[in-house]
Amino acid sequence: DNNSDDETRRIINDLSQQYTGLRAILLEENAGGESFNVGLAACRGRYLHFSENDLEYLPGWDRTLLTKLELFPRLGQLSLARSRPPTTPWIVDGLTVYLARGNVMTPSVMPREVYDAGVRWTTRGVAPVLFPNDGRFSDSVKEHGYVVAWNDVDVVINHGFMVEEYVRRLPYYVANYMAKPLGEG
């Protein structure tokens, strides 16, 4: 938890008590995107997953992405969303991903070997509202010789992109918009 001020810390603590394989990491101040690196250092899995607080995962999302990570050589970061509009397709064994021209946003998965190669998250924004620098992260994945791609289908519903969510939490989204450097809003 990146110093949340809502129920998140309690929920994470409760879950870590309930599931033996889950370890709570609770940061005392907002570290922006660099907070991912703290969690990644503790991870032991073959694949790593980055998420955000406004996503609803669709059934089978994990198998869809893991299958692609296993089949596509040098795939270093795969988005949970599809490309809009589609870019250059990359097809292996009848499965498709779309090569990213730039970044694929924060919600994504990657093989552990990419982290082990030295790819790390950085931060952008204006304190106290700090974000993962997803553009810099995707660039770093590519600089390490891996491919960054969009999925061919959405495996999540992003409630943060819905009008109802903006209306419900307008001050939150205004603060987030204002914290982004000009041209990134």
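The model shown is predicted, which means the values in this text are computed figures rather than measured ones. (Residues numbered from 1 in each chain as written. Predicted model: local features only at pLDDT ≥ 70, side-chain atom pairs only at ≥ 80, totals over all residues. Heavy atoms only, no water.)

Caption draft 1: Representation of the overall build of the protein within the structure. Scanning the protein for helices and strands turns up 7 helices and 10 strands. Here the protein, with 185 residues, has 36% of them falling under the buried criterion. Looking at the protein alone, contacts between residues at least 24 apart form 69% of all its contacts between residues at least 6 apart. Surface summary for the protein: the accessible area is close to 10,700 Å², and the carbon and sulfur share equals 55%. (Helix = DSSP H or I, 4+ residues; strand = E, 2+ residues; numbered from the N terminus. Buried < 20%, exposed > 50% of the residue type's maximum accessible area, 1.4 Å probe, protein only. Contact = heavy atoms within 4.5 Å. Areas by Shrake-Rupley, 256 points an atom, 1.4 Å probe, with all protein chains shown as cover.)

Caption draft 2: Local environment of the layout of surface pockets. Of the volumes computed, that of the second largest pocket is approximately 150 Å³. Taken together, Arg46, Tyr47, Leu69, Glu70, Phe72, Arg74, Leu75, Pro111, Arg112, Glu113 and Tyr146 make up the full set of residues lining the second largest pocket. Broken down by secondary-structure element, the contributors of at least two residues to the lining of the second largest pocket are helix H3 (61-71) and helix H4 (112-116). Its residues assigned to classes, the lining of the second largest pocket comprises 6 nonpolar, no polar and 5 charged. (1 Å grid on protein atoms, 1.4 Å probe; cavity = no way out; pocket = protein on both sides within 12 Å on 5 of 7 lines; lining within 4 Å. Points joined across faces, edges and corners; volume = space filled by probe spheres on them. Nonpolar A, V, L, I, M, F, W, Y, C, P; charged D, E, K, R; others polar.)

Caption draft 3: Highlighting unusual backbone geometry. For the bond from arginine 84 to proline 85, the omega torsion is -10 degrees, close enough to zero to count as cis. Looking at the element boundaries, proline 85 is found in the loop between strand E3 (75-82) and strand E4 (89-92). Although it is not a glycine, asparagine 3 adopts a positive phi angle of roughly 60 degrees. Secondary-structure assignment places asparagine 3 in the segment before helix H1 (8-18). Residue classification places asparagine 3 among the partly exposed positions, given a relative accessible area of 34%. For methionine 105, which is not glycine, the phi dihedral falls at a positive 75 degrees. The topology assignment puts methionine 105 in the loop between strand E5 (95-99) and strand E6 (108-111). Taking the relative accessible area as the measure of exposure, methionine 105 reaches 28% and is therefore partly exposed.

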